[in-house]
Amino acid sequence: MFESEYDVIVVGAGHAGSEAAAAAANMGSKTLLITMNLQNIAQMSCNPAMGGIAKGQIIREIDALGGYSGIVTDQTAIQFKMLNKSKGPAMWSPRAQSDRMRFAETWRMMLEGTPNLDFYQEMVSGLLIEKNRVVGVKTSLGITIKSKTVVLTNGTFLNGLIHIGEKQFGGGRAGESASFGITEELATAGFDSGRMKTGTPPRVDGRSLDYSLMEEQPGDSKPAKFSYLETSKPLETQRSCHMTYTSPEVHDLLREGFDRSPMFNGSIQSVGPRYCPSIEDKINRFSEKNRHQIFVEPEGWNTIEVYVNGFSTSLPEDIQFKALRSVKGFENVKFFRPGYAIEYDYFPPTQLKHSLETKLINGLFFAGQINGTTGYEEAAAQGLMAGMNAHLFIKDQPPFVLKRSEAYIGVLIDDLITKGTEEPYRMFTSRAEYRTLLRQDNADLRLTPVSNELGLASDQRLRRMEHKKNASDHFVKHLKSLSVSPEIANPILSQKNSSPMKQSNKVHKIFSRPNISMQDIQHIPAVAEYTSAHDLDEEVLEQTEIQVKYAGYIEKEKNNADKLNRLENIRIPSGFDYRKLKSLSTEARMKLEDIRPTSLSQASRISGVSPSDISVLLVYMGR
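The rules behind the values
- Residues numbered from 1 in each chain as written.
- Predicted model: local features only at pLDDT ≥ 70, side-chain atom pairs only at ≥ 80, totals over all residues.
- Heavy atoms only, no water.
- Core = buried A, V, L, I, M, F, W, Y, C linked by side-chain atoms within 4.5 Å.
- Buried < 20%, exposed > 50% of the residue type's maximum accessible area, 1.4 Å probe, protein only.
- Helix = DSSP H or I, 4+ residues; strand = E, 2+ residues; numbered from the N terminus.
- Contact = heavy atoms within 4.5 Å.
- Pairing = 2+ DSSP bridges.
- Axes fitted to C-alpha atoms, helices over the stretch in contact; angles between N-to-C directions.
- Salt bridge = Lys/Arg side-chain N within 4 Å of Asp/Glu carboxyl O.
- Polar contact = N/O pair within 3.5 Å; in protein donor to acceptor, adjacent residues only side chain to side chain.
- Parallel < 35°, antiparallel > 145°, perpendicular 65-115°, else oblique.
- Left-handed = near helix turned anticlockwise from the far one by under 90°.
- Nonpolar A, V, L, I, M, F, W, Y, C, P; charged D, E, K, R; others polar.
- Phe/Tyr/Trp six-rings, centres within 6.5 Å; stacked < 30°, edge-to-face > 60°.
- Lys NZ or Arg CZ within 6 Å of the ring centre and 35° of its normal.

S.K.: Explain the nonpolar core to me, please; I cannot follow it from the model alone.
M.R.: The nonpolar side chains of a soluble globular protein tend to be buried with one another. Ranked by internal contacts, the top residues of the largest apolar core, which has 99 residues, are Leu-152, Leu-364 and Ile-409. The leading source of residues in this core is helix 9 (residues 376-394), at 12 residues. In contact with Leu-364, other than residues within four places in its own chain, are Leu-127, Val-134, Val-150, Leu-152, Leu-186, Phe-191, Leu-356, Glu-357 and Thr-358. Core analysis: the next-biggest nonpolar cluster, separate from the first, contains 23 residues, Ala-471, Leu-479, Val-527 and Val-548 among them.

As structure tokens, then:
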């Protein structure tokens with residue numbers, strides 16, 4: 001069956017595995033994707049949504065690099081929102097509700113249409129290793145398959161254990177068996193492993209809910225999209241989500257099951273995601289709060305299944321049901337399936353290179369939850385990078401590594417490799433010290449050229465990116481050269497309560513005012529004529545506005561990035577008193593005083609010391 005040798009074998013077909021397989025195959029590697037169930041390729045194991053705070057930026061970066069996640073999301077979205085619009089553009093984060101079944105189906109169809117990619121359904125139980133180099137895999141049926149590289153993307157399946165109340169059973173997902181053998185073999189090879197925990201809420205019958213008692217959460221009136229390709233189109237119709245709340249009565253009912261909760265009776269000892277706690281963890285940790293938000297999210301266009309976001313739990317199913325029936329709008333709820341927690345093996349990512357290749361075994365790459373991360377987006381980004389670097393590895397080319405100043409993906413991988421993680425890692429905008437540079441709107445400008453050079457991002461992507469950049473640059477120059485008289489400008493300024501002009505001025509200067517938008521300056525005839533004559537689309541207009549309004553901030557951040565690169569090895573005095581730096585976080589101060597790093601570079605690799613803490617040290621040491 002497998003007489004010839006593959007270039008790349010990808011184990012696991014979740015978000016990381018799917019992106020890894022697509023990237024390697026599209027770059028020209030003969031690739032095999034092995035998964036335990038081909039019906040569950042790119043399954044959305046938890047919430048039916050892509051993107052969100054910082055995660056949306058990652059999806060845009062994946063798309064700019066030539067990955068599939070943005071395209072699939074656009075094709076299967078049922079709602080789109082740009083989060084944090086009230087803040088500056090560095091914080092804008094796209095998020096889409098997805099049709100769960102169509103999402104997985106579309107991913108599979110795209111993978112099946114990818115040249116150089118083969119599929120096989122079976123459990124990989126071990127690796128073939130010769131002289132510290134991986135040379136293939138072995139399956140539970142005893143089949144050996146040779147390969148020059150292997151990418152492990154096992155998700156929550158490695159020795160997975162599911163908890164519902166006092167009940168425990170093996171599984172990688174509800175209804176799917178766990179994977180065995182790989183952890184033990186890697187431990188024998190010298191790898192350190194650990195256990196992590198995540199959870200998921202109940203799914204319910206939407207027909208049993210009373211939406212009139214909830215707050216409607218519609219999508220944007222003018223929805224955008226994820227992919228930069230013209231073939232992706234914004235939604236024309238959308239489905240609303242809804243919001244409701246828990247109550248003291250709900251909390252009391254939940255507490256009745258605490259003695260049977262694996263979270264509190266010792267059954268679960270591994271660490272769960274800090275920023276996505278279970279409902280029992282919320283009411284235990286935040287006992288002063290008398291209510292918590294619950295987002296009611298449809299699972300697709302036509303299905304009646306509903307995802308109860310904010311009610312993740314591993315409490316006994318009878319407690320889950322009784323408590324949820326006390327939530328407003330859920331009085332007659334019917335369960336499709338209860339929530340559960342799952343424990344699984346992971347490998348501390350400090351055992352990896354920045355290419356995501358392991359330090360111990362050449363040609364072996366890890367991506368996704370095996371590295372201690374949580375979230376579809378973080379997994380997909382790692383899969384993309386691992387797939388690219390697996391291809392480059394067999395071509396004896398240097399690995400593709402993104403700097404922290406180049407992409408959120410660079411921040412993600414650098415955090416994992418240099419700091420490690422003892423809890424499921426989640427990306428936030430606050431983790432990126434250069435987030436003004438790493439916006440969702442300019443991911444194509446940052447990443448498409450380099451990906452095109454490597455052979456992944458298509459020439460079509462490059463041409464579209466170049467058109468956007470050139471059109472935006474020319475528009476900015478035009479605004480700098482175009483003058484406008486007070487007679488034309490003042491009525492516009494008056495409507496926005498902005499100070500009137502006394503003499504003619506450049507449109508660029510007027511546009512720089514914080515309360516003047518692109519829509520406002522379109523009322524200037526010469527500006528409207530230019531945008532119409534050049535047929536400028538929304539992406540170009542948005543890019544132009546950001547370049548004009550935030551030019552000073554962007555330039556300052558570029559200088560900071562250059563400065564940090566120059567000063568990354570600056571020495572820290574041995575007896576330095578961190579207590580006098582009031583801007584340091586408490587955790588960072590404790591870690592720095594305990595470890596006593598000798599340089600800023602070393603300090604930046606300490607878990608618990610954030611990029612903002614390093615910036616504080618940099619400013620002080622720079623003085």
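Next, the rest of the story.
S.K.: I tried to follow the sheet that holds strand 10 (residues 161-164) on my own but got confused; where do I start?
M.R.: Sheet strands pair by backbone hydrogen bonding; their relative direction is either parallel or antiparallel. Read from one edge of the open sheet, four strands run 11-10-19-12, paired in antiparallel fashion. In this open sheet, the two strands that pair with only one neighbour each are strand 11 (167-170) and strand 12 (194-200). Mean inter-strand twist for the sheet, computed between neighbouring axes without regard to direction, equals 25 degrees. Inspection of the sheet shows strand 12 paired to strand 19 (residues 340-346) by seven bridges, in the antiparallel sense.

S.K.: Sorry if this is basic, but what is going on with the pairing of strand 5 (residues 93-98) here?
M.R.: As a general feature of sheets, a regular strand has side chains that alternate between the two faces. Of all six residues making up strand 5, six are buried, and the element is well covered by its neighbours. The alternating pattern of strand 5 places Ser-93, Arg-95 and Gln-97 on one face and Pro-94, Ala-96 and Ser-98 on the opposite face, and all of these are buried. Here three bridges tie strand 3 (residues 49-51) to strand 5, and the two strands are oriented antiparallel to one another. Looking at strand 5, one finds that Ala-49 is bridged to Gln-97. Of the strand pairs in this sheet, strand 4 (residues 77-83) and strand 5 are connected by six bridges, and their pairing is antiparallel. Opposite Phe-80, over in strand 5, you have Ala-96 as the bridge partner.

S.K.: Where do I start with the pattern of salt bridges in this structure?
M.R.: For side chains bearing opposite charge, pairing can occur when the charged atoms are close. Overall, the coordinates contain 34 salt bridges when judged by the stated rule. Between Glu-317 and Lys-167 there is a salt bridge whose closest N-O contact spans 3.1 Å. Pair noted here: Glu-317 is in helix 8 (residues 317-324) and Lys-167 is in strand 11, with a separation of 150 residues, a long-range link. With a relative accessible area of 32%, Glu-317 lands in the partly exposed category. We classify Lys-167 as partly exposed; its relative accessible area is 47%. Linked through salt bridges whose partners overlap, the residues forming this network are Glu-230, Asp-444, Arg-464, Lys-468, Asp-537 and Glu-539.

S.K.: Please explain unusual backbone geometry as it appears in this structure.
M.R.: Most peptide bonds take the trans configuration, and most residues that are not glycine carry a negative phi. In this structure, Asn-497 takes a positive phi of about 55 degrees despite not being glycine. Note on placement: Asn-497 falls in the loop between helix 13 (486-495) and strand 22 (505-506). Residue Asn-497 is classed as exposed on the basis of its relative accessible area of 74%. Even without being a glycine, Asp-535 presents a positive backbone phi close to 50 degrees. On the secondary structure map, Asp-535 appears in the loop between helix 16 (525-533) and helix 17 (538-549).

S.K.: Would you take a moment to explain the environment of Asp-415 for this structure?
M.R.: Residue placement: Asp-415 occurs in helix 10 (residues 408-419). A C-alpha to C-alpha distance of 28 Å links Asp-415 and Ile-279, two positions 136 residues apart in sequence. If near-sequence neighbours (up to four positions away) are discounted, Asp-415 is found in contact with Arg-404, Gly-420, Tyr-425 and Arg-431. In this structure the side chain of Asp-415 is engaged in a polar contact, spanning 2.6 Å, whose partner is the side chain of Tyr-425.

S.K.: Which parts of the structure should I look at to understand helix 2 (residues 55-65)?
M.R.: Every α-helical turn comprises 3.6 residues, leaving residues that sit three or four positions apart pointing alike. Across the 11 residues that make up helix 2, a large majority, 11, are buried. Within the span of helix 2, buried status applies to Lys-55, Gly-56, Gln-57, Ile-58, Ile-59, Arg-60, Glu-61, Ile-62, Asp-63, Ala-64 and Leu-65. Gly-66, located one to two residues past helix 2, shows a positive phi value of around 105 degrees.

S.K.: Explanation requested: the packing of helix 2 against helix 9 in the structure shown.
M.R.: To characterise two packed helices, one gives the angle between the axes of the helices and the distance between these axes. Where helix 2 meets helix 9, the closest approach of the two axes is 9 Å, and the angle between their N-to-C directions is 25 degrees. In terms of orientation, helix 2 and helix 9 fall into the roughly parallel class. Of the two possible hands of crossing, helix 2 and helix 9 adopt the one that is left-handed. On helix 9, the residues touching Lys-55, Ile-58, Ile-59, Ile-62 and Leu-65 of helix 2 are Glu-377, Glu-378, Ala-380, Ala-381, Leu-384 and Met-385. Here the residues of the contact of helix 2 with helix 9 are counted per class, giving eight nonpolar, no polar and three charged.

S.K.: Teacher, can you tell me more about the sheet that holds strand 5 here?
M.R.: With antiparallel pairing, three strands are arranged side by side in an open sheet as 3-5-4. Only two strands of the sheet have a single partner each, and these edge strands are strand 3 and strand 4. Taken over all neighbouring pairs, the strand axes of this sheet differ in orientation by 15 degrees on average, direction set aside.

S.K.: Can you walk me through the packing of aromatic side chains in this structure?
M.R.: The geometry of an aromatic ring pair comes down to the distance between the two centres and the angle between the two planes. What the rule picks out here adds up to 14 aromatic pairs. Each residue in the set Phe-191, Phe-347 and Phe-366 is aromatic and connected to the rest through ring pairs, giving one cluster. Looking at Lys-30, its charged tip hangs above the ring of Tyr-6, at a distance of 5.2 Å from the centre. We note Lys-85 situated over the ring of Trp-92; from NZ or CZ to the ring centre the distance is 3.5 Å.

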